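A structural walkthrough
Each chain, letter by letter, is given below.
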Amino acid sequence: MALLAGRTVLLRAGVRLGAEAATRGGNGARRFASHRVLVEPDAAAGIATIKLKNPPVNSLSLEFLTELIICLEKLENDKTFRGIILTSDCPGIFSAGLDLREMCGKNPAHYAEYWRAVQEIWLKLYLSNMVLVAAINGASPAGGCLMALTCDYRVLADNPRYRIGLNETLLGIIAPFWFKDNLVNTIGHRAADRALQLGLLFPPTEALQVGMVDQVVPEDQIHSTALSVMSQWLAIPDHARQLTKSMMRKATADHLIKQREADIQNFVSFISKDSIQKSLQVYLEKLKQKKH
Ligand SMILES: CCCCCCCCC/C=C/C(=O)SCCNC(=O)CCNC(=O)[C@H](O)C(C)(C)COP(=O)(O)OP(=O)(O)OC[C@H]1O[C@@H](n2cnc3c(N)ncnc32)[C@H](O)[C@@H]1OP(=O)(O)O
């Protein structure tokens with residue numbers, strides 16, 4: 001049931017994407033047509049670079065998530081590719097996380113559809129058979145951090161403005177258990193406990209220290225570093241690496257898979273509360289006023 005309902009989201013967007021692809025027909029077979037997800041394939045190396053392009057801040061709207069899910073499905077099913085570098089096309093921002101406008105002032109059916117897409121992108125990334133390297137070239141709060149956490153290796157550009165972490169509590173909301181599980185698997189229980197309760201956003205040096213990222217490099221070296229990490233990981237035979245990855249991650253993914261519907265219901269009732277709506281609106285307003 002969960003999967004069937006999930007498919008509806010994909011198919012609906014798939015039709016739209018199909019139409020886009022047709023109008024762009026001459027663009028070269030290899031470039032996947034999508035407004036917001038740029039794919040730069042290097043077939044010889046077996047690597048595709050995905051550049052997130054949903055300006056201004058790569059917030060994860062339902063449409064953006066759906067395009068990303070379709071793109072990942074295509075790459076996963078294309079034997080040409082063994083690795084993905086995930087990065088941003090928006091200067092200074094990797095991703096601002098979930099799109100707050102999808103969680104404010106909408107109806108329960110919308111919240112449920114949105115949350116299913118958030119679950120789906122996490123499962124697709126976390127369980128990917130490919131090697132995923134995050135080249136984090138900008139700020140990466142909350143859902144942006146979560147996407148990076150699904151990857152096998154994280155390289156962060158050395159800029160104090162590029163902070164990364166699960167800051168949900170600062171918004172008056174709670175990181176779901178599977179965000180928490182992914183963080184605990186990455187930085188350990190004690191560090192995750194502190195980071196989650198305080199909603200910490202770590203600048204590069206601290207992010208490296210706590211293990212949130214694996215490497216911090218000068219900004220102009222981020223892509224070359226990601227490529228060299230990728231070639232190291234791709235030197236391992238796929239079957240051995242994939243089975244090992246699955247062994248390490250399956251229990252965490254199953255935790256969500258076994259209760260997807262309950263998790264959606266939980267999200268919908270939480271996010272629909274007046275007090276939570278108010279917190280999110282105040283937070284969005286603060287973001288808007290920051291400039292003036
Ligand atoms: C029980 C369990 C149940 C479950 C309980 C529920 C679980 C939910 C889990 C939630 C996970 C999340 O990811 S929640 C999302 C958390 N994300 C954040 O806190 C990031 C907030 N954003 C920022 O900090 C900054 O925008 C940042 C990314 C650093 C970029 O700073 P800049 O100065 O470059 O840009 P800004 O001027 O701030 O932003 C540019 C415009 O983008 C908008 N904008 C910024 N972030 C946005 C966002 N996430 N969603 C929508 N819009 C956003 C701003 O309002 C501006 O809009 P205009 O003024 O109109 O131009």
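Everything quoted here is computed from the prediction, not taken from an experiment.

About the criteria used
Residues numbered from 1 in each chain as written. Predicted model: local features only at pLDDT ≥ 70, side-chain atom pairs only at ≥ 80, totals over all residues. Heavy atoms only, no water. Phe/Tyr/Trp six-rings, centres within 6.5 Å; stacked < 30°, edge-to-face > 60°. Helix = DSSP H or I, 4+ residues; strand = E, 2+ residues; numbered from the N terminus. Buried < 20%, exposed > 50% of the residue type's maximum accessible area, 1.4 Å probe, protein only. Lys NZ or Arg CZ within 6 Å of the ring centre and 35° of its normal. Pairing = 2+ DSSP bridges. Axes fitted to C-alpha atoms, helices over the stretch in contact; angles between N-to-C directions. Salt bridge = Lys/Arg side-chain N within 4 Å of Asp/Glu carboxyl O. Core = buried A, V, L, I, M, F, W, Y, C linked by side-chain atoms within 4.5 Å. Contact = heavy atoms within 4.5 Å. Expected span 1.5 Å × (residues − 1). Bend = angle between axes of the 7 residues up to and from the residue. pLDDT = per-residue confidence, 0-100. Polar contact = N/O pair within 3.5 Å; in protein donor to acceptor, adjacent residues only side chain to side chain.

**Considering the packing of aromatic side chains**
Under the defined criterion, the tally for this structure stands at 6 aromatic pairs. Note on W122 and Y126: the rings are 4.8 Å apart at their centroids and 15° apart in plane angle, and the pair reads as stacked. Pair noted here: W122 and Y126 are both in helix α3 (residues 108-126), with a separation of 4 residues, about one helical turn. Residues W122 and Y126 agree in their burial class; the two are buried. In this structure an aromatic cluster arises from ring pairing among W115, W122, Y126, W178, F179 and F267. Over the face of the ring belonging to Y126 we find R249, whose NZ or CZ atom lies 4.6 Å from the ring centre.

**Considerations on the sheet that holds strand β3 (residues 83-88)**
The mixed open sheet is built from 6 strands, whose spatial order is β1-β2-β3-β5-β7-β9. Strand pairing shows two members of the sheet lacking a second neighbour, β1 (37-42) and β9 (215-217), which therefore form its edges. The mean angle between the axes of side-by-side strands here comes to 20°, regardless of whether they run parallel or antiparallel. Sheet analysis places strand β7 (residues 153-157) next to β9, joined by 3 bridges and oriented parallel. Note that in β9 the partner of A157 across the bridge is V217.

**Regarding the pattern of salt bridges**
In total, this model carries 14 salt bridges according to the counting rule given. The partner of E120 in a salt bridge is R260, with the nearest N and O atoms 3.1 Å apart. On the criterion of sequence distance, the pair formed by E120 in helix α3 and R260 in helix α10 (residues 260-271) is long-range, its members being 140 residues apart. Here E120 and R260 have matching classes, each one buried. Notably, a salt bridge pairs K180 with D181, separated by 2.7 Å at the nearest N-O pair. Residue classification places D181 among the buried positions, given a relative accessible area of 10%. Here the salt bridges share partners, and the residues they tie into one network are E73, E120, K124 and R260.

**Brief notes about the nonpolar core**
Residues I50, L75, V133, I164, L183, M212 and L280 are the most contacted members of the largest nonpolar core, which totals 85 residues. Of the residues forming this core, the biggest block, 11 residues, is contributed by α3. Sequence-distant contacts of L280, defined by excluding residues within four places in its chain, comprise L100, M103, C104, L171, I173 and I271.

**Describing the side chain of T87**
If you trace the backbone, T87 turns up in strand β3. Once you skip the residues sitting within four places of it in the chain, T87 turns out to touch T49, I50, K51, L52, F94, A135 and N137.

**Some points on helix α9 (residues 238-257)**
A rise of 1.5 Å per residue sets the reference length of α9, with its 20 residues, at 28 Å; its end C-alpha atoms lie only 25 Å apart and thus fall more than 12% short of the reference. Remark: the principal bend of α9, roughly 50°, maps to R249.

**What about unusual backbone geometry?**
For the bond from P55 to P56, the omega torsion is 5°, close enough to zero to count as cis. In the Ramachandran plot, N58 falls in the positive-phi region, its phi being about 55° despite a non-glycine side chain. Structurally, N58 is set in the loop between β2 (47-52) and α2 (62-77). When its relative accessible area of 0% is taken as the criterion, N58 is described as buried. Its identity as a non-glycine residue notwithstanding, A142 has a phi of 45°, on the positive side. Position of A142 among the secondary structure elements: in the loop between β6 (138-141) and α4 (143-149).

**Here we look at the sheet that holds strand β4 (residues 92-93)**
Taken together, 3 strands build an open sheet; the order of strands is β4-β6-β8 and the sheet is parallel. At either end of the open sheet lies a strand with only one pairing partner, and these are β4 and β8 (164-165). Both β6 and β8 contribute to a ladder of 2 bridges, which runs parallel. Looking at the pairing, P141 lines up with G165 of β8.

**Observations concerning the confidence of the model for the protein**
In the predicted model, the protein carries a mean pLDDT of 90, and 88% of its residues have values of at least 70. Note that pLDDT drops below 50 for residues 1-30; the model gives that stretch 33 contacts with residues more than four away or on any other chain.

**A word on the side chain of N137**
With respect to the element layout, N137 can be found in the loop between β5 (131-136) and β6. Relative accessible area serves as the criterion here: at 14%, N137 is assigned to the buried category. Within the structure, N137 has its side chain in polar contact with the backbone oxygen of S88 (distance 2.9 Å). Setting aside chain neighbours within four positions, we find N137 in contact with T87, S88, G92, I93, F94, A157, Y162, E219 and I222.

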